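Architecture at a glance
Here are the chains, one letter per residue:
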Amino acid sequence: MIGKIDPEILLAHARTIASSGGKAVPEDAKDLSDLEVCGAAEITAITRAAAERDGGVLVSSGGTTGTPKLTYLPHHMAFDRLLPVWRPLGVGDVVLNLYDAGRMWGTHYFVQKLAERTESTVIPSGPMTAEELELRLPMLREVGVTALASVPSVLADFAEMVLKTGVKPPVKTIIWMGEAWTESKRELVRQAFPDVQLWGIYGSVETWAMGSNRPGCDETTLHLLADEIFELEDAGALLTRAGEGWTVPVVRYRLGDRIEATQCRCGRGDAFRVLGRADDGFGLLGNYVNIADIVDSARRCPDVVDAQLVLVRDTDLADSARSMTVEYTGTAAPEAVRTWLTGSHVRLGTVDSQHPEAISARRVDRLRRIARTNKTPGAVWQDALGSGS
């Protein structure tokens, strides 16, 4: 477990939110483990009840292939809890907000509220194509953009265009969330802006901000906010938070991520690292493998910059693939990447010995993105006819 809250405070908190849509609290409950795990339905009910009293912003996650998960965010967006430990902007800063504002996605509105609360100037741009960015870079330099906010994939695109054109706004701050850094993306950003400071947030639409990363931290380490607890489980960590001023005052909400406790060079407590999605595995011709493990291994291959998997779905079984192609950027030869993976991963080696045609590698100029968020997924699924998700 990471974090600490007095059990009596937790139980009182759980009883309070049970009256507005949370799980009921057993009469004989003595600690956190006696309470039920909650899910998206409870979050929608709790936040809707609060919005009926005080108003809010309705946002959603999911909805591409399933039912949207709705959260009513209070207008304050919990910044009174966040800003004392995480304040990347101040008076005089100009932040370029490159998050997509459409389809009820939350991160765009997070950056807008951050600018308001820190009395900084915001440019609510949303994402730009390479052509649009090249055209606008002189203007962005002229208005004095000091901060960028987006996912690492988009931030790396911005840095690449700065290096290509030589037109560099006076960026000193990077705000990132929604996607983990890769070494190649972080290196691109530091090439373009050598003295930039990185400020990260870990959260979701359902929970909003849960942890933060700031200059002085290890760049893969985050810290819980005060009055939060993570219970660490392989099926996904459980988040509990107590007290006032939260977007969502949840009790034992199941996250989709596996979390591990760690230490950080900054010395702050309640440090953790996100290991990856709890549902990150898939079957490949009878062998169960992990997407993050394979992608991480591919990135370690000499002359590979970044990688993702393209999986052809086995129509008879859920989360099962009949073949796997590693698409990658860099100068490595495809056969060298394939040999690297099958030689360093036992189960891929087993598949290779029995079904060599099921594993391949392909060099590409650019990895595939999720159109609505601009994130680079670890894996892209396709059916046998080539359509993807």
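Residues numbered from 1 in each chain as written. Predicted model: local features only at pLDDT ≥ 70, side-chain atom pairs only at ≥ 80, totals over all residues. Heavy atoms only, no water.

Within the protein one finds 10 helices and 20 strands. With respect to the principal axes defined by its C-alpha atoms, the protein has extents near 60 × 55 × 40 Å. In the protein, buried positions account for 49% of the 389 residues. Counting contacts in the protein only where the partners sit at least 6 residues apart, residues at least 24 apart contribute 63% of the total. For the protein, the accessible surface area stands at approximately 18200 Å², while carbon and sulfur atoms represent 50% of it. Where the 42 positive side-chain charges of the protein centre and where its 52 negative ones centre are 3 Å apart. (Helix = DSSP H or I, 4+ residues; strand = E, 2+ residues; numbered from the N terminus. Buried < 20%, exposed > 50% of the residue type's maximum accessible area, 1.4 Å probe, protein only. Contact = heavy atoms within 4.5 Å. Areas by Shrake-Rupley, 256 points an atom, 1.4 Å probe, with all protein chains shown as cover. Lys, Arg positive; Asp, Glu negative; His and termini not counted. Charge placed at Lys NZ, Arg CZ, Asp CG, Glu CD.)

In this section: helix H1 (residues 7-18). Look at H1: 16 Å from first C-alpha to last across 12 residues, which is about the 16 Å you get at 1.5 Å a residue. For H1, the full list of buried residues reads Leu10, Leu11, His13, Ala14 and Ile17. On an axial view of H1, the arc spanned by its buried residues comes to 160°, and they lie on one face. Exposed residues on H1 whose side chains face more than 90 degrees from its buried face are Glu8 and Thr16. Where H1 is buried, its residues contact helix H2 (40-54), strand E10 (228-231) and strand E11 (238-241). Of the residues flanking the start of H1, the one acting as N-cap is Asp6, its side-chain oxygen 2.9 Å from the backbone nitrogen of Glu8. (Expected span 1.5 Å × (residues − 1). Arc of directions from axis to C-beta. Polar contact = N/O pair within 3.5 Å; in protein donor to acceptor, adjacent residues only side chain to side chain.)

With that settled, consider the sheet that holds strand E9 (residues 222-224). The strand order across the open sheet built from nine strands is E4-E3-E5-E6-E7-E8-E9-E14-E13, with neighbouring strands paired in mixed fashion. Sheet topology places strand E4 (121-123) and strand E13 (257-261) at the edges, where each strand pairs with a single neighbour. In this sheet, adjacent strand axes meet at a mean angle of 35° when their direction is disregarded. Pairing between strand E3 (residues 94-97) and strand E5 (residues 147-150): three bridges, direction parallel. Paired with Asn97 across the two strands is Ala149, which belongs to E5. Packed onto the sheet, helix H6 (residues 152-165) meets E3, E5 and strand E6 (173-177) and runs at close to 140° relative to E5. (Pairing = 2+ DSSP bridges. Axes fitted to C-alpha atoms, helices over the stretch in contact; angles between N-to-C directions.)

Turning to the sheet that holds E11, a few remarks are in order. Overall, antiparallel pairing links the three strands, which are arranged E10-E11-E12 in an open sheet. In the strand order of this sheet, the two ends are held by E10 and strand E12 (253-254), each with one partner. With four bridges joining them, E10 and E11 adopt antiparallel strand pairing. In the sheet register, Ile229 faces E11, and the bridge partner there is Thr240.

Where helix H4 (residues 107-117) is concerned, the buried positions are His108, Phe110, Val111, Lys113, Leu114 and Ala115. A positive backbone phi angle near 55° is found at Glu119, which sits one or two residues after H4.

With that settled, the discussion passes to the pattern of salt bridges. Inspection of the entire model under this criterion finds 25 salt bridges. The partner of Glu116 in a salt bridge is Lys113, with the nearest N and O atoms 3.4 Å apart. Of this pair, Glu116 and Lys113 both sit in helix H4, three residues apart, which is roughly one turn of that helix. Classification of Glu116 by relative accessible area gives exposed; the value is 52%. For Lys113, a relative accessible area of 15% translates into the label buried. The closest approach of N and O atoms between Asp352 and Arg338, which form a salt bridge, is 2.5 Å. (Salt bridge = Lys/Arg side-chain N within 4 Å of Asp/Glu carboxyl O.)

Before going further, it helps to examine the pairing of strand E18 (residues 320-330). Of all 11 residues in E18, nine are buried, a share of seventy percent or more. Judged from the nine bridges that link them, strand E17 (residues 304-313) and E18 form a sheet pairing that is antiparallel. Among the inter-strand pairings, Arg313 is bridged to a residue of E18, identified as Ala321. Strand direction decides the pairing type here: E18 and strand E19 (residues 359-363), joined by five bridges, are parallel. Bridge pairing links Met324 to Ile359 in E19.

Moving on: a negative patch on the surface. Taken together, Glu27, Asp28, Asp31 and Asp34 make up a surface patch of like negative charges. One can find Glu27 in the loop between H1 and H2. (Patch = residues over 30% accessible without salt bridge, like charges linked within 9 Å, V, L, I, M, F, W, Y side chains within 5 Å.)

A few words on the packing of aromatic side chains. Applying the stated criterion to the full structure yields nine aromatic pairs. When the centroid spacing of 6.1 Å and the interplanar angle of 70° are considered together, the rings of Trp176 and Trp181 count as edge-to-face. Here the aromatic rings of Tyr202 and Phe272 are separated by 5.7 Å at their centres, their planes lie at 65°, and the arrangement is edge-to-face. Taken together, the residues Tyr202 in strand E7 (residues 197-204) and Phe272 in strand E14 (residues 271-277) connect sequence positions 70 residues apart. Across this residue pair, the class does not change: Tyr202 and Phe272 are buried. The rings of Phe79, Trp86, Phe110, Trp199 and Trp208 are connected pair by pair, giving a single aromatic cluster. (Phe/Tyr/Trp six-rings, centres within 6.5 Å; stacked < 30°, edge-to-face > 60°.)

Structurally, the position occupied by Val250 is in the loop between E11 and E12. With relative accessibility at 1%, the residue Val250 sits in the buried group. The spacing of Val250 and Glu228 is 22 residues in sequence and 9.6 Å in space, taken between C-alpha atoms. Beyond its immediate sequence surroundings of up to four residues, Val250 is in contact with His13, Ile17, Ile43, Leu239, Thr240 and Arg241.

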